[in-house]
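Chain by chain, the residues run as shown.
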Amino acid sequence: MKTIEVDEELYRYIASHTLHIGESASDILRRMLKFTAGQSAPLTAGASATEPSAKAEVRPQNPVRAVRELLLSDEYAEQKRAVNRFMLILSTLYSLDAKAFGAATESLHGRTRVYFAGNQQTLLESGTHTKPQHVPGTPYWVITNTNTDRKRSMVEHIMLSMQFPTELAEKVCGTL
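Looking at an unreviewed UniProt entry, the protein chain carries the name Negative modulator of initiation of replication, with the source organism given as Erwinia tasmaniensis. The UniProt entry for the protein chain carries this comment under Subunit (unreviewed entry): "Homodimer. Polymerizes to form helical filaments." The record held by UniProt for the protein chain lists under Subcellular location (unreviewed entry) the comment "Cytoplasm".

**As for unusual backbone geometry**
Positive phi is not limited to glycine here, since Lys131 has a value of about 50 degrees. Under the relative-accessibility criterion, Lys131 is labelled exposed at 55%. The backbone phi angle of Gln163 is positive, close to 70 degrees, even though this residue is not glycine. With respect to the helices and strands, Gln163 occurs in the loop between helix 8 (148–161) and helix 9 (166–174).

**Looking at the pattern of salt bridges**
Pairing is possible between side chains of opposite charge, provided their charged atoms come close. Under the counting rule described, the total for this entry stands at 2 salt bridges. Its salt-bridge partner being Glu69, residue Arg65 comes within 3.0 Å of it at the nearest N-O pair. Separated by 4 residues within a single helix, Arg65 and Glu69 lie in helix 3 (residues 63–72), roughly one turn from each other. Given a relative accessible area of 39%, Glu69 falls into the partly exposed group. Its salt-bridge partner being Arg152, residue Asp149 comes within 2.8 Å of it at the nearest N-O pair. One end of the pair is Asp149 and the other is Arg152, both in helix 8 and 3 residues apart, which spans about a single turn.

Reading guide: rules and limits
Residue positions are counted from 1 within each chain, in the order its sequence is given. Only residues with pLDDT of at least 70 are given local features in this predicted model, and only at 80 or more are side-chain atom pairs given and counted; all residues enter the totals for whole chains, interfaces and linings. Each side-chain value is worked out from all heavy atoms of the structure, with water and hydrogens disregarded. UniProt positions are given in the numbering used here, feature names are shortened, and annotations may be inferred rather than shown by experiment. The classification of residues rests on relative accessible area computed with a 1.4 Å probe and restricted to protein chains. Under 20% of the type maximum is buried, over 50% is exposed, and intermediate values are partly exposed. For the purposes of this entry, the term helix denotes a DSSP run of H or I that reaches at least four residues, the term strand denotes a run of E that reaches at least two, and both are numbered from the N terminus. Whenever Lys or Arg places a side-chain nitrogen within 4 Å of a carboxyl oxygen from Asp or Glu, that contact is recorded as a salt bridge.

So, in structure tokens, the structure goes:
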């Protein structure tokens, strides 16, 4: 996945077209532009098929910056419940590095409960009243019937496993 920089005004415009929590900017833009996967981008006048139609600074996404931007986003600030902030954080972490997220969640479980799974049924079978929810934009399900401290512990474990700075993990956990 590539990252492009856009000004604040354009970012807010794109974000204002979000239909559901966890929807990626790529999904929003594809919908707005009526652009489907595998479709060729139209060529602009004077552009050849071998060169990009527009010059843009493209660089890999900075995970620390992405998490900080999530914490500062209107979408995050508008969440009144810890479980909703928890789901946004999980979606963001997965979008930054799906493989590292998966590895971090494999070792994350309680004494008798499984916290993350690829399906709802596995979580329902691991305990009573687990209240599994699908993590938007991911193939994962997570139990949500845990107290906020347990949610913080899960986020901290995932972030540290994904090599985020300790201070940032603590800051994120403090917002739950």
